[in-house]
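Structural overview for review
One letter stands for each residue in the lines below.
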There are 2 protein chains.
Amino acid sequence: MPVKKAVQGSMVTSREPRPPRVLNEAHEDCAIRRVLDRLGDKWSYLLILKLAKGPQRFGELRRAVDDISQRMLTETLRSLQRDGLVARTVYPTTPPSVEYRLTALGQSLLEPMQGLVAWADRQLPAIVSARATFDQAKCG
Amino acid sequence: MPVKKAVQGSMVTSREPRPPRVLNEAHEDCAIRRVLDRLGDKWSYLLILKLAKGPQRFGELRRAVDDISQRMLTETLRSLQRDGLVARTVYPTTPPSVEYRLTALGQSLLEPMQGLVAWADRQLPAIVSARATFDQAKCG
DNA sequence: CAGCATCCTCGTGGATACTG
DNA sequence: CAGTATCCACGAGGATGCTG
């Protein structure tokens with residue numbers, strides 16, 4: 001395991017301080033990549049699944065997920081809203097109450113998503129087992 | 001393993017060096033999260049889609065994706081292999097030749113994945129449009 | 001209650017050099 | 001060709017404090 005030198009010895013290479021990195025963005029026009037960049041983050045997929053159960057308030061979602069930080073909940077919900085997958089409704093009560101629900105577009109994502117969820121549920125044992133075999137072969 | 005302290009500036013804040021973070025791992029038993037942690041990375045999904053076309057050699061995959069670094073190609077392929085989604089075959093020629101192909105388990109993932117790809121292709125315009133509207137409302 | 005602002009840590013992954 | 005090994009930039013996201 002790479003314990004991270006930390007030191008960078010006294011003598012050290014003649015290495016230059018590395019020029020800024022230039023991104024290759026050629027893939028930006030690939031639909032699946034753009035969608036995965038969105039759904040592949042830590043919380044989006046999960047929040048959509050929670051919202052599939054029906055509209056929910058901010059605090060409800062927070063409790064439903066329970067290990068999401070409030071900052072990420074806010075941020076993820078907003079980006080889902082931006083993409084038109086989630087709608088946000090403010091009720092001007094005191095204290096304020098905000099409800100989130102899936103839009104039609106968001107709903108339309110449920111079907112393909114549930115296909116993946118079903119696959120995950122079915123195949124997880126096989127994956128875990130494959131993993132064990134692989135690790136055994138390595139270390140045994 | 002996080003040895004890393006390294007600098008931590010000379011003068012700097014009166015703030016304490018923040019106690020170590022303890023992970024909430026309560027979600028570890030959720031199949032979809034475990035599967036997404038795997039497929040949600042930058043390359044797995046894409047490599048599986050490439051391998052769906054048939055077995056391919058290391059270099060072929062490298063060129064097929066073309067903006068993946070060789071390090072990440074190696075690493076991603078190995079973790080897919082570990083999970084039993086991809087099989088690796090070495091042909092002891094000179095120079096060596098290594099072929100990767102989807103296992104049956106990997107194949108079984110294609111169907112749910114393609115559902116998602118299809119959705120992405122269909123709905124990307126709607127998402128882009130929603131995004132524009134949202135941004136307009138913000139800045140306009 | 002439903003956020004916003006700030007700061008800081010750490011994991012992901014790119015760049016590069018080297019090997020069998 | 002198909003990797004391994006190292007170094008390091010950067011952005012995701014947790015912790016915390018404050019607000020309407």
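For the structure, see preceding data.
Bear in mind the structure is a predicted one, so any value in this text is a computation, not a measurement. (Residues numbered from 1 in each chain as written. Chains lettered and ligands numbered in written order. Predicted model: local features only at pLDDT ≥ 70, side-chain atom pairs only at ≥ 80, totals over all residues. Heavy atoms only, no water.)

Digging into the interface of chain B and chain A
- Counting residues at the interface gives 43 residues for chain B, matched by 45 residues for chain A.
- Taken over both partners, the interface formed by chain B and chain A buries close to 4,300 Å², and the fraction arising from carbon and sulfur atoms is 69%.
- Looking only at chain B, the three residues that lose the most surface to chain A are Arg82, Trp119 and Arg131 of chain B, adding up to 16% of its buried area.
- Our enumeration of links across chain B and chain A arrives at 6 salt bridges.
- The salt bridge partner of Asp67 of chain B is Arg33 of chain A, with a shortest N-O separation of 3.4 Å.
- Scanning the region where chain B abuts chain A turns up 10 residue pairs in polar contact (both at pLDDT 80 or more).
- Within the residue set of the side of chain B that touches chain A, elements represented by two or more residues are α1 (31–39), α2 (44–51), α4 (70–82) and α5 (104–139) of chain B.
- When residues in the side of chain B that touches chain A are grouped by element, the largest group, 19 residues, is from α5 of chain B.
- In the side of chain B that touches chain A, the residues fall into 24 nonpolar, 8 polar and 11 charged. (Contact = heavy atoms within 4.5 Å. Buried area = accessible area lost by both parts, 1.4 Å probe. Salt bridge = Lys/Arg side-chain N within 4 Å of Asp/Glu carboxyl O. Polar contact = N/O pair within 3.5 Å; in protein donor to acceptor, adjacent residues only side chain to side chain. Helix = DSSP H or I, 4+ residues; strand = E, 2+ residues; numbered from the N terminus. Nonpolar A, V, L, I, M, F, W, Y, C, P; charged D, E, K, R; others polar.)

Some thoughts on the sheet that holds strand β3 (residues 97–102) of chain A
Residue and element names in this part refer to chain A.
- The strand order β1-β3-β2 describes an open sheet built from 3 strands, whose pairing is antiparallel. At either end of the open sheet lies a strand with only one pairing partner, and these are β1 (56–57) and β2 (86–91).
- By the bridge criterion, 6 bridges tie β2 to β3 in an arrangement that is antiparallel. Looking at the pairing, Tyr91 lines up with Ser97 of β3.
- With respect to the sheet, helix α2 (residues 44–51) is in contact with β1, β2 and β3, its orientation differing from that of β3 by roughly 95°. (Pairing = 2+ DSSP bridges. Axes fitted to C-alpha atoms, helices over the stretch in contact; angles between N-to-C directions.)

A word on the nonpolar core
- Counting 66 residues, the largest nonpolar core has Tyr45, Ile48, Leu109 and Trp119 of chain A together with Tyr45, Ile48 and Leu109 of chain B as the members making the most contacts within it.
- In this view, Tyr45 of chain A contacts Leu39, Met113, Leu116 and Val117 of chain A together with Ile32 and Leu36 of chain B; residues no more than four positions away in its chain are not counted. (Core = buried A, V, L, I, M, F, W, Y, C linked by side-chain atoms within 4.5 Å. Buried < 20%, exposed > 50% of the residue type's maximum accessible area, 1.4 Å probe, protein only.)

Examining the relation of the copies chain B and chain A
- You can overlay chain B on chain A at an RMSD of 0.1 Å; the transform is a turn of 180° with a shift of 0.0 Å along its axis. The relationship between the two copies is best expressed as a two-fold rotation axis. No C-alpha of chain B approaches the rotation axis more nearly than that of Gly40 of chain B, which lies at 2.3 Å.
- Interface residue correspondence from chain B to chain A reaches 100%, placing this contact among same-surface, isologous pairings. (Least-squares fit on C-alpha atoms with pLDDT ≥ 70 in both.)

Regarding α1 of chain B
- Of all 9 residues in α1 of chain B, 7 are buried; the element is thus mostly enclosed.
- If you check which residues of α1 of chain B are buried, you get Ala31, Ile32, Arg33, Val35, Leu36, Arg38 and Leu39 of chain B.
- Contacts made by the buried residues of α1 of chain B are with α2 and α5 (104–139) of chain A together with α2, α4 and α5 of chain B.

Description of the pairing of β3 of chain A
- Where β1 of chain A and β3 of chain A come together, 2 bridges link them in antiparallel fashion. Bridge pairing in β3 of chain A links Arg57 of chain A to Glu99 of chain A.

Some points on the packing of α5 of chain A against α1 of chain B
- Two elements in contact, α5 of chain A and α1 of chain B, have axes separated by 8 Å at closest approach and are oriented at 70°. Between α5 of chain A and α1 of chain B, the angle is such that the two are roughly perpendicular. Contact residues: α5 of chain A offers Leu116, Val117, Trp119, Ala120, Asp121, Leu124, Val128 and Arg131 of chain A, while α1 of chain B offers Ala31, Ile32, Arg34, Val35 and Arg38 of chain B.
- Partitioned by chemical class, the residues of the contact of α5 of chain A with α1 of chain B number 9 nonpolar, no polar and 4 charged. (Parallel < 35°, antiparallel > 145°, perpendicular 65-115°, else oblique.)

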